[in-house]
Amino acid sequence: MLRLEVRPPVEIPNNKNYTQLLRDNSDNNFDIVNLGYGASTVKDIYGTIDSFIREFPDYYIINLGVVDASTREVPLWFYRLATKKSLNPFYVFNALFYRNILSKFRRSLVNLRGRRSWISQKRFGKYFELIIKSLVKETNAKIIVLSIMKLTNGVEKAVAQESFRKQRIYNLIMKEITNHYTQIFLDTNKILVSTDYPDGVHFSEAGHKKIAEKLQSIISQNEKY
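Residues numbered from 1 in each chain as written. Predicted model: local features only at pLDDT ≥ 70, side-chain atom pairs only at ≥ 80, totals over all residues. Heavy atoms only, no water.

Draft legend 1. How the structure looks around a positive patch on the surface. Taken together, the side chains of Lys43, Lys122, Arg123 and Lys126 present a region of like positive charge at the surface. Of all the elements, helix α8 (residues 121-138) adds the most residues to the positive patch, at three residues. Relative to the helices and strands, lysine 126 resides in helix α8. (Patch = residues over 30% accessible without salt bridge, like charges linked within 9 Å, V, L, I, M, F, W, Y side chains within 5 Å. Areas by Shrake-Rupley, 256 points an atom, 1.4 Å probe, with all protein chains shown as cover. Salt bridge = Lys/Arg side-chain N within 4 Å of Asp/Glu carboxyl O. Lys, Arg positive; Asp, Glu negative; His and termini not counted. Charge placed at Lys NZ, Arg CZ, Asp CG, Glu CD. Helix = DSSP H or I, 4+ residues; strand = E, 2+ residues; numbered from the N terminus.)

Draft legend 2. Up close: the pairing of strand β1 (residues 59-63). With respect to burial, β1 is a largely interior element, five of its five residues being buried. The alternating pattern of β1 places Tyr59, Ile61 and Asn63 and Tyr60 and Ile62 on opposite faces, both of which are buried. With five bridges connecting them, β1 and strand β2 (residues 142-146) associate as parallel partners. Along β2, the bridge assignment pairs isoleucine 61 with isoleucine 144. (Buried < 20%, exposed > 50% of the residue type's maximum accessible area, 1.4 Å probe, protein only. Pairing = 2+ DSSP bridges.)

Draft legend 3. Region of interest: the sheet that holds β2. The three strands lie next to each other as β1-β2-β3, forming an open sheet whose pairing is parallel. This sheet does not close on itself; its edge strands, each paired only once, are β1 and β3 (184-186). Each neighbouring strand pair of the sheet contributes to a mean axis angle of 20°, computed without reference to strand direction. Across the face of the sheet, α8 comes into contact with β1 and β2 while running at roughly 155° to β2. Packing of helix α10 (residues 162-180) onto the sheet brings it into contact with β2 and β3, and relative to β3 it is tilted by some 155°. (Axes fitted to C-alpha atoms, helices over the stretch in contact; angles between N-to-C directions. Contact = heavy atoms within 4.5 Å.)

That is the geometry; function is a separate question.
Listed below in structure tokens is the structure:
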């Protein structure tokens, strides 16, 4: 089993993500290796694909796309300069400028940049297929792909309605590729409601529990065959 997901914003010990909930299930006899990376695009993940392949798990749980699809107020290179301290000596200035000034004009900047995503639809499809194709070719694992969650109204007001349209398109790209390689596409929008991801991106405690229960069901059914 392979995947990392951020913890829900609640107090210990209730802040377990869906991978931890799966691990804690006494009926399971598998371990989970967390190899997720925050704010990663499909290109980033494909660039480190060997680290995923050499784990040789029985299942891969892949949760990608929202970073790629969302419309952005700044280019990816600047975002990383403002959020990755190790990348430059001007990190503090970039971070303050981004958080205290640019973020206040997010919607206007999104529109000024032509409502562009960090990864175009064409490049997203290319790298996503390379990821799936590589995992299928190099391992015997079953792949479960989680869809991008439907953006909430709060997020939409901040990043413009184009994000919602792109989210649907990128989900269709992932679903088509996943089905082509006879893997499993899990539409999270059929499982979760807006309160299960209150910030529009990250699962709440209830959201993680629902995802864990659904993954448990999928894995149990596949193990019968």
